[in-house]
Amino acid sequence: MTKTNNKKLNTELITSLSNEDYRKLVDKDCQNQFQMGGYMCTIISNEKGYRNWDGMYWVDSDGKLWPYIGRLYHANSVPTALDYISRGYIYSRQKGDELNKQTAQRSDELDKALGIYNDIFFDTSDIPYCVGTNTSAYGPIMFVLKPQVIKGKRIRVTKLNPFVKKNLTYDSLYYKDVEGIKAGINDGGTTRFLMNTMHHTTIYNTETIPLKGNLEAIYIERHRSGDRRELKLRDRLRRELDKNGLKDVEIAIREMAPKVDNFGYANDYNVLWDEPVV
């Protein structure tokens, strides 16, 4: 692979592959994969580094500002999130299956067939806030990570979300190259692109990503029952973070409760909230 300067993404020229060949991808001929020379510069950085996206914040009930663009976001269930913290890393669903800790998601079998089960998925904005639902399909715990988490990693950006789109093929799932991403951004503007639920940033075939140095904050949803169980959960997360060397990680509870009852969750709502007994 020819390296470029840090103002450009490192890319690979690749040949078209069928969906059946997906799992056989190798470095020299894998389609839709490109490696970052720096941060995700076409989307959340300029050539000098990370943009702050001034003014793009939401306010919690205490009046504190929290970003919703300019970071990477990963939502999951309560039990899986607690296990992430105790182990010190986020893991792929394939790795989670090996550990017997990952809460099942309804797209699991499709994602295995597509060969993306060992990828780690991120959103490029705080989707529950951006779309106004105040809830995530994948679980009530949102990990907010610094964009440096993808530095030097092989990443792919989805054109479509395999969670909501059926009958996807390899060619239809990912942007093929950086020019495709730029075209997607130009089509609706950078902010709209970042807030689009179709566009995941995925780290290819990676079992784990360390939390230390990468995890900035955790956002907790309000439980739709109104019983405020998220307050006790916040205290537990704080203890677990402190115990596992993550004292600098902040925690926020979303100001608003979920606005939808009939939401397409990845698993039963109660399963996603099933806090393990200590």
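Residues numbered from 1 in each chain as written. Predicted model: local features only at pLDDT ≥ 70, side-chain atom pairs only at ≥ 80, totals over all residues. Heavy atoms only, no water.

1. A look at the pattern of salt bridges
So, point 1. Counted under the stated rule, the structure contains 14 salt bridges.
So, point 2. A salt bridge links Asp108 to Arg93; the shortest N-O distance between them is 3.0 Å. Highlighted residues: Asp108 in helix H3 (residues 108-114) and Arg93 in helix H2 (residues 93-99), separated in sequence by 15 residues. Note on accessibility: Asp108 and Arg93 belong to one class, buried. (Salt bridge = Lys/Arg side-chain N within 4 Å of Asp/Glu carboxyl O. Helix = DSSP H or I, 4+ residues; strand = E, 2+ residues; numbered from the N terminus. Buried < 20%, exposed > 50% of the residue type's maximum accessible area, 1.4 Å probe, protein only.)

2. Remarks on the environment of Asp119
So, point 1. Here Asp119 lies in the loop between H3 and strand E9 (120-125).
So, point 2. For Asp119 and Glu207, which are 88 residues apart along the polypeptide, the C-alpha to C-alpha distance reads 7.3 Å.
So, point 3. Not counting residues up to four positions away in its chain, the partners in contact with Asp119 are Ser92, Arg156, Tyr174, Thr202, Ile203, Tyr204 and Asn205.
So, point 4. Of the polar contacts made by the side chain of Asp119, one reaches the backbone nitrogen of Asn205; its length is 2.7 Å. (Contact = heavy atoms within 4.5 Å. Polar contact = N/O pair within 3.5 Å; in protein donor to acceptor, adjacent residues only side chain to side chain.)

3. Details of the packing of aromatic side chains
So, point 1. Evaluated as defined, the whole model comprises seven aromatic pairs.
So, point 2. Plain terms: the ring middles of Tyr89 and Tyr91 are 6.2 Å apart, the flat faces sit at 70° to each other, and that makes the pair edge-to-face.
So, point 3. Among the residues examined, Tyr89 registers a relative accessible area of 21% and is labelled partly exposed.
So, point 4. Relative to Tyr269, the ring of Tyr265 has its centre 5.2 Å away and its plane inclined at 55°; by these criteria the two rings are tilted.
So, point 5. The class of Tyr269 is buried, set by a relative accessible area of 4%.
So, point 6. One aromatic cluster is present, built from ring pairs that chain together Tyr84, Tyr89, Tyr91 and Phe143.
So, point 7. Lying across the ring of Tyr174, Arg156 places its NZ or CZ 4.3 Å from the centre.
So, point 8. Here the guanidinium or amino end of Arg224 rests over the ring plane of Tyr269, the centre of that ring lying 3.8 Å away. (Phe/Tyr/Trp six-rings, centres within 6.5 Å; stacked < 30°, edge-to-face > 60°. Lys NZ or Arg CZ within 6 Å of the ring centre and 35° of its normal.)

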